[in-house]
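Chain and residue survey
Read off the chains here:
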Amino acid sequence: MIVTERPEPWHLRTRRFLRATDQRGELVRGARFLRRLVPGDPLAPSTGRSSDRLARLLAEAGADRPSATRELGLAAVQAWQAIRRTGAPPMSADGITVLFTDLVGFSTWALQAGDERVLELLRSVGEVTESVVTGHRGSIVKGLGDGVMAVFADPGEAVNAAYETCSAVSVIKAEGYLPHLRAGLHRGNPRRVGNDYLGVDVNIAARVMAAADGDEVLASGSVVDELDPGAVIVRPRRSFRAKGTPKDLRVYRVVPRYSS
């Protein structure tokens, strides 16, 4: 009796072929490259929209294996998030306050922590940041990996948001790392391009942030001059020096006064 091996069903052959193609190294690398060009961020904090839930499902589905399809799907969702997430940036006739934040010592820890722990921390920080910023009538312009750029019409709200975000992040738990956020604020009239802002005033805000220590909020004189003196504690930062900023730039450490 001759036993012939039954051929594999066509749908199983097709599935195996498609899976192998989806995991091909050159296709995955190409898809990841394209995703980096998209102005979106899969780690951006969730707003409860269906696109945010879809992004998280895509990021977590089959995360243990490479997938060109997943990378391209994330790119599409990220682009939609970038358009929808921030809403209308605040408008103000006398300027806006620009906020930058950054996690101190994050890059060194991230090199050893592994993707899973890094993603978990960034999601937690992102969710806290968006909640506080929007709660103080601000708008997140864009995510910067381990920080954000946000804008506010009211400088007082900006200071409160920066301080409360730093405080909230400091209690987030991460194995082998104590998160400490630093923040910098500057008020001016940057050029608005779509939902983004460009110009010298944006650069100054970033430089002010870079000079801050962990859990510290620094603000330029243009912000402090607009604040209610009874609402904040202000201390001059006398040693401030930063390339690309005006020589007469005044920088202060600011802490809100909260009524009992």
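Because the structure is predicted, anything quoted here is derived from the model rather than measured.

What follows deals with the sheet that holds strand β9 (residues 251–256). Taken together, 7 strands build an open sheet; the order of strands is β2-β3-β1-β4-β7-β9-β8 and the sheet is mixed. The open sheet is flanked by β2 (138–143) and β8 (232–236), the only strands paired with a single partner. Between one strand axis and the next, the sheet turns through 25° on average, direction left out of account. Where strand β4 (residues 181–188) and strand β7 (residues 217–220) come together, 3 bridges link them in parallel fashion. Residue pairing for β7: leucine 185 is matched across the bridge by alanine 219. The sheet strands contacting helix α7 (residues 155–169) are β1 (96–103), β3 (148–152), β4, β7, β8 and β9, and the helix crosses β4 at an angle near 170°. Strands in contact with helix α8 (residues 200–210) are β1, β3, β4, β7 and β9; relative to β4, the strand with the most contacts, it is inclined by about 150°.

A few words now on the confidence of the model for the chain. For the chain, per-residue confidence averages 79 on the pLDDT scale, and residues scoring 70 or more make up 65% of the total. Note that residues 45–51 has pLDDT below 50 and, in this model, 17 contacts with residues that lie over four places away or in other chains.

Let us look at the packing of aromatic side chains. By the definition in use, this model includes 3 aromatic pairs. Ring centres 6.0 Å apart and planes at 55° place the aromatic pair phenylalanine 106 and tryptophan 109 in the tilted group. Placement of the pair is phenylalanine 106 and tryptophan 109 together in helix α5 (residues 106–113), with a separation of 3 residues, close to one helical turn. Residue classification places tryptophan 109 among the buried residues on the basis of a relative accessible area of 10%. When the centroid spacing of 5.0 Å and the interplanar angle of 20° are considered together, the rings of tryptophan 109 and tyrosine 177 count as stacked. Taken together, the residues tryptophan 109 in helix α5 and tyrosine 177 in the loop between α7 and β4 connect sequence positions 68 residues apart. Per residue, the accessibility class of tryptophan 109 equals that of tyrosine 177, and both read buried. Site record: aromatic cluster; members linked through ring pairs are Phe106, Trp109 and Tyr177.

Calculation criteria
- Residues numbered from 1 in each chain as written.
- Predicted model: local features only at pLDDT ≥ 70, side-chain atom pairs only at ≥ 80, totals over all residues.
- Heavy atoms only, no water.
- Pairing = 2+ DSSP bridges.
- Helix = DSSP H or I, 4+ residues; strand = E, 2+ residues; numbered from the N terminus.
- Axes fitted to C-alpha atoms, helices over the stretch in contact; angles between N-to-C directions.
- Contact = heavy atoms within 4.5 Å.
- pLDDT = per-residue confidence, 0-100.
- Phe/Tyr/Trp six-rings, centres within 6.5 Å; stacked < 30°, edge-to-face > 60°.
- Buried < 20%, exposed > 50% of the residue type's maximum accessible area, 1.4 Å probe, protein only.

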